[in-house]
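# Report on the structure
Listed here are the chains, written in short residue letters.
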Protein chains: 2
Amino acid sequence: MTELLSNREQKKEALKALLLRIHNGEDVNSLKEEFRAVLSSISPLEIPIIEQELVKEGVSAKDIAKMCDLHVELFREAVKGTDEVEEKELPEGHPLWVRYMENREILKDAEMLNLYARTLATTRDERMREEILGVLEEIVGNLRKVGFTHYNRDEMLTFPYIERRGLTAIATVLWTKHDEIRFMLKHLYGLLARRDEMPWEGFVERFKAKAGEASFALSDMVFRENNIYYPTLNALLSDGEWKAVRMQDDEIGYYKVNPPEWDPGEDVKPLQPWQINPELSAEELLSLPKEVQQALKGQPLEFDKGQLRRDGDLDLGTGFVSVEELKAIFEALPVDVTFIDKDDRVRFFSPGERIFTRTPSILGRPVQLCHPPKSVHIVNKILRAFKEGRKREATFWLRLGPKYVYIKYVPLFDRNGNYLGTLEITMDIGEYKRIEGEKRLLDWRD
Amino acid sequence: MTELLSNREQKKEALKALLLRIHNGEDVNSLKEEFRAVLSSISPLEIPIIEQELVKEGVSAKDIAKMCDLHVELFREAVKGTDEVEEKELPEGHPLWVRYMENREILKDAEMLNLYARTLATTRDERMREEILGVLEEIVGNLRKVGFTHYNRDEMLTFPYIERRGLTAIATVLWTKHDEIRFMLKHLYGLLARRDEMPWEGFVERFKAKAGEASFALSDMVFRENNIYYPTLNALLSDGEWKAVRMQDDEIGYYKVNPPEWDPGEDVKPLQPWQINPELSAEELLSLPKEVQQALKGQPLEFDKGQLRRDGDLDLGTGFVSVEELKAIFEALPVDVTFIDKDDRVRFFSPGERIFTRTPSILGRPVQLCHPPKSVHIVNKILRAFKEGRKREATFWLRLGPKYVYIKYVPLFDRNGNYLGTLEITMDIGEYKRIEGEKRLLDWRD
């Protein structure tokens, strides 16, 4: 035991010396091999303990974080499964490459969470505690973004591709675990916010336990993704599918990664899930990770061959609807709209019960003739400001009997910035003004 | 003078005797000729004075109102212009017939307004004053509805037909006068509401003067319509146009008239303003009222031949738009929508910046797979309630960072009541909750 301690003491001193050199400005990469040599002599289980001691001795969180990069790399090498796709084999910017890069960041932050939570529990100094709590708030706040970015991107973008191919169970299991992690992090965030409402000892023990669980769940998800889910995607998705994923990845956003552009080629057409042939070939089946092959043995694969576009459907760019569905959508909107075209003529209004009645008789009518003569000059002023690009909206509100009517005018432009017309939007906001508190999906009662 | 007074005294006694018989239950129509005989011996200018005296002597407003019917009829006969279309020539339920019938009611109520305002000014009895004020509140309240119904119907339904034919000036003059009358009535309504805030004498003199002006303006409009505007419409509009007007008249509503159905024939196609040939024939020009012919001499007629429907436009029932305009409309909406079809598959979402990101990857995806597994059972419950017709909406609200997110699910049905799918509507209501007071069109600053 003494020997082990003294051994650890030596390693710690070696690490501290390296960290001091980072702190004094030396490049991390140039020290990489030296770090690797030291770190590789430490068991993965020992690392958090040493890091914890370093923090207690005053090494800054920033420096520790730099070391964590290397530690995580080491850790990954130690536990790497046989099915894991080497991210080095993937082109930079490829959606899978991006996901592996994010997982490094997630793993690092998960380690940091655990490390700081344990350090907090053994810290006696009041000022030090506050500093650590500050770092923990930042880490937990960051990690909550994993749900909005990294997890959300798979839930919305890659799951549909494997669902179409019948691998629905994988998606459901992962999403359930994502939600458990979201809940854990939300809980940690709440604990931190309410820490003054409970005795210190009770708080810190609970926090340490919950942080440990969250850290474990986050790391566990990283390993599931790296070893099972990503290899599955890699075995099944074509370049066209990845191209579509990447375009949409950008819309949702990333976790601590700012990936370079990636395009498999101009001739590759992006393929959405509803455009693919969902049937699995024998070759594809055999190239799936062992765990997935195992899971598939028990159930018949149900490919989803539902056709999205029907005869007569309109292609609206973000979906395919029939004219009948479109009319019903406008009728159901909680806002009334009236559209005047670039020549100021009424071209369309939404049907159904409205705040201000609109009848087909006004179609084609110049908007200037649809207003009381007294206010026409204002209508013209607004339209001029819209057409000249000086204003992007004009809003009004007034009480009308029991209704609180909100009116919004918005100019519409095409992709080239040409003026298409102006939309009038009318709604009763009285109902919204009376809403308080929250009512969530799970509160719904039949 | 004495003789004149005594003469009036006799007529008043004769009227009172008749009113007493009405009050005791005799039918107005059976007394019509007797009333006509008495009323015809009274100058139209004398009638309000006598009615006023009757009110002061305690004849009920209800009985006076019945007499007013006859009085108005008499009055109309006395001032009828040569161009007035005899409503008896029009089929019952025809939009012009309806307008003439409404004008009788408007004229009667305008007379009542003036009568009661003058009576109020000479009434000393406190209790009597309160009773008259009650009647005045009702009359003014009713007359304000003329603006929402009778005037609004012409502004929205018949003006576009004459505007297309180049008679824009008539529409503008009438609308300006409509608005003056709306303003007068709003002012009277306000005066009545604030009567306790000013000395009685000041209030009653002002009210009498303003009521007189409003009454005059209302009657003046009746005569302009009956003698100039309606004959113009009668000379120009075809059965198809009247059929379209009548269908839309019903949507806006009527002033104190509940017209019977009218249809010029199943083979007559309703014609909207944008569907007519706007050119005037010589015959049509010559059949216009003298006043309109006179006004047209000074200016060239500018027919509006603008074509509403363009190549490739979608017919949405309430307008014609291009797919490009439609996309821009959905993008500009202050609500985000996502539509799932009758098979629970995502079919369309509105583009642009959204509260909850939607990507094309979810098109065609079963909605059950778009939700966290934990809440899928609620989604299914809601959809079942929609499909079985047990619920017509499900609403939720929650705070999300700086946003107060309101979510509404609405089932859509076709004309035959078949379920088409469900619309999810999402919006940030935080902005609306902060709105106070009013901001009207005329408050707009460039």
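Residues numbered from 1 in each chain as written. Chains lettered and ligands numbered in written order. Predicted model: local features only at pLDDT ≥ 70, side-chain atom pairs only at ≥ 80, totals over all residues. Heavy atoms only, no water.

## Some details on the environment of Lys 433 of chain A
Within the element layout of this structure, Lys 433 of chain A appears in helix H14 (residues 430–433). Spatially, the C-alpha atom of Lys 433 of chain A lies 33 Å from that of Glu 197 of chain A, the residues being 236 residues apart in sequence. With sequence-adjacent residues up to four places away left out, Lys 433 of chain A is seen in contact with Tyr 404 of chain A together with Tyr 432, Lys 433, Arg 434, Ile 435 and Glu 436 of chain B. A polar atom in the side chain of Lys 433 of chain A sits 2.3 Å from the backbone oxygen of Ile 435 of chain B. (Helix = DSSP H or I, 4+ residues; strand = E, 2+ residues; numbered from the N terminus. Contact = heavy atoms within 4.5 Å. Polar contact = N/O pair within 3.5 Å; in protein donor to acceptor, adjacent residues only side chain to side chain.)

## Remarks on the interface of chain B and chain A
You'll often see interface size given as the accessible area lost when the parts meet. Of the residues lining the interface, 111 residues belong to chain B; the matching set on chain A comes to 110 residues. Counting each side, the surface lost to burial between chain B and chain A is near 9,900 Å², with a carbon and sulfur contribution of 65%. Our enumeration of links across chain B and chain A arrives at 8 salt bridges. Applying the counting rule to chain B against chain A returns 39 residue pairs in polar contact (both at pLDDT 80 or more). The element that contributes the greatest number of residues to the side of chain B that touches chain A is helix H12 (residues 323–332) of chain B, accounting for 9 residues. The residue inventory of the side of chain B that touches chain A, partitioned by class, reads 59 nonpolar, 19 polar and 33 charged. (Buried area = accessible area lost by both parts, 1.4 Å probe. Salt bridge = Lys/Arg side-chain N within 4 Å of Asp/Glu carboxyl O. Nonpolar A, V, L, I, M, F, W, Y, C, P; charged D, E, K, R; others polar.)

## Quick notes on helix H5 (residues 95–122) of chain B
Helix length check: H5 of chain B, at 28 residues, gives a terminal C-alpha distance of 41 Å against a target of 40 Å (1.5 Å per residue), a fit within 8%. Counting buried residues in H5 of chain B gives 24 out of 28 residues, a clear majority hidden from the surface. (Expected span 1.5 Å × (residues − 1). Buried < 20%, exposed > 50% of the residue type's maximum accessible area, 1.4 Å probe, protein only.)

## Some words on unusual backbone geometry
In this model, Asp 344 of chain A sits at a positive phi of 70 degrees, which is unusual for a non-glycine residue. With respect to the element layout, Asp 344 of chain A can be found in the loop between strand S3 (336–341) and strand S4 (346–349).

## A closer look at the relation of the copies chain B and chain A
Mapping chain B onto chain A is achieved by rotating through 180 degrees and translating by 0.0 Å along the same axis, at an RMSD of 0.1 Å. Each copy turns onto its partner about a two-fold axis. No C-alpha of chain B lies nearer the rotation axis than that of Lys 433 of chain B, which sits 2.3 Å from it. A symmetric contact is evident, with 99% of the interface residues of chain B recurring at the interface of chain A. (Least-squares fit on C-alpha atoms with pLDDT ≥ 70 in both.)

## A short note on the sheet that holds strand S5 (residues 394–400) of chain A
Adjacent strands of a sheet pair through backbone hydrogen bonds, lying either parallel or antiparallel. Residues and elements named next belong to chain A. Strands sit in the order S4-S3-S7-S6-S5 across an open sheet of 5 strands; the sheet is antiparallel. Each edge of the open sheet is held by one strand with a lone partner, namely S4 and S5. Strand-to-strand, the axes of this sheet are offset by a mean angle of 20 degrees, without reference to chain direction. Pairing analysis gives 6 bridges linking S3 to strand S7 (residues 419–428), with the strands arranged antiparallel. What sits directly across from Thr 338, in S7, is Glu 424. Along the sheet face, helix H13 (residues 376–387) touches S3, S5, strand S6 (403–413) and S7 and points at about 125 degrees away from the line of S7. (Pairing = 2+ DSSP bridges. Axes fitted to C-alpha atoms, helices over the stretch in contact; angles between N-to-C directions.)

## Some details on the packing of helix H7 (residues 168–193) of chain B against helix H8 (residues 200–236) of chain B
All names here are of chain B. The geometry of H7 relative to H8 is characterised by a closest axis approach of 10 Å and an angle of 155 degrees between their N-to-C directions. Comparing their axes, H8 and H7 come out roughly antiparallel. Along this stretch, H7 crosses H8, giving a crossing that reads as left-handed. Taken together, the residues of the contact of H7 with H8 break down into 17 nonpolar, 2 polar and 6 charged. (Parallel < 35°, antiparallel > 145°, perpendicular 65-115°, else oblique. Left-handed = near helix turned anticlockwise from the far one by under 90°.)

## Quick word on the packing of aromatic side chains
Here the structure, examined in full by the defined rule, presents 26 aromatic pairs over all chains. Each ring, one from Phe 159 of chain A and one from Trp 175 of chain A, has its centre 6.3 Å from the other, and the planes form 55 degrees; the classification is tilted. Here the residue Phe 159 of chain A occupies a position in helix H6 (residues 126–164), and Trp 175 of chain A occupies one in helix H7 (residues 168–193), the gap between them amounting to 16 residues. Each of the two residues, Phe 159 of chain A as well as Trp 175 of chain A, counts as buried. With 5.2 Å between their ring centres and 80 degrees between their planes, Tyr 100 of chain B and Tyr 230 of chain B make a pair best called edge-to-face. Taken together, the residues Tyr 100 of chain B in helix H5 and Tyr 230 of chain B in helix H8 connect sequence positions 130 residues apart. (Phe/Tyr/Trp six-rings, centres within 6.5 Å; stacked < 30°, edge-to-face > 60°.)

## Some thoughts on the side chain of Gln 248 of chain A
Looking at where Gln 248 of chain A falls in the secondary structure, it is placed in helix H9 (residues 239–252). For Gln 248 of chain A, a relative accessible area of 2% puts it in the buried group. In contact with Gln 248 of chain A, other than residues within four places in its own chain, are Leu 157 and Gln 272 of chain A together with Thr 359, Pro 360 and Ser 361 of chain B.

## Overview of the sheet that holds strand S3 (residues 336–341) of chain B
All names here are of chain B. Strand order in the open sheet formed by 5 strands is S4-S3-S7-S6-S5, with antiparallel pairing between adjacent strands. Taken across any chain shown, the strands that pair with only one partner, and hence form the sheet edges, are strand S4 (346–349) and strand S5 (394–400). Here the strands of the sheet are splayed against their neighbours by 20 degrees on average, with no regard to which way each runs. Bridge count for S5 against strand S6 (residues 403–413) is 7 bridges, and the pairing is antiparallel. Note that in S6 the partner of Thr 395 across the bridge is Lys 408.

## Topic: the pattern of salt bridges
Once the charged atoms of two side chains with opposite charge are near each other, the side chains can pair. For the structure shown, the criterion picks out 67 salt bridges over all chains. One salt bridge in this structure joins Lys 387 of chain A and Asp 344 of chain A, with 2.9 Å as the shortest N-O distance. You can see Lys 387 of chain A sitting in helix H13 and its partner Asp 344 of chain A sitting in the loop between S3 and S4, a full 43 residues away along the chain. For Lys 387 of chain A, a relative accessible area of 37% corresponds to the partly exposed category. Taking the shortest distance from any N to any O, the salt bridge between Lys 208 of chain B and Glu 205 of chain B comes out at 3.9 Å. Taken together, the residues span about one helical turn, with Lys 208 of chain B and Glu 205 of chain B both in helix H8 at a distance of 3 residues. On the basis of relative accessible area, Lys 208 of chain B is assigned to the partly exposed category, the value being 29%. In this structure Glu 205 of chain B comes out as partly exposed when scored by relative accessible area, which is 41%. One connected set of salt bridges, linked through shared partners, spans Arg 99, Glu 102, Arg 153, Asp 154 and Asp 249 of chain A.

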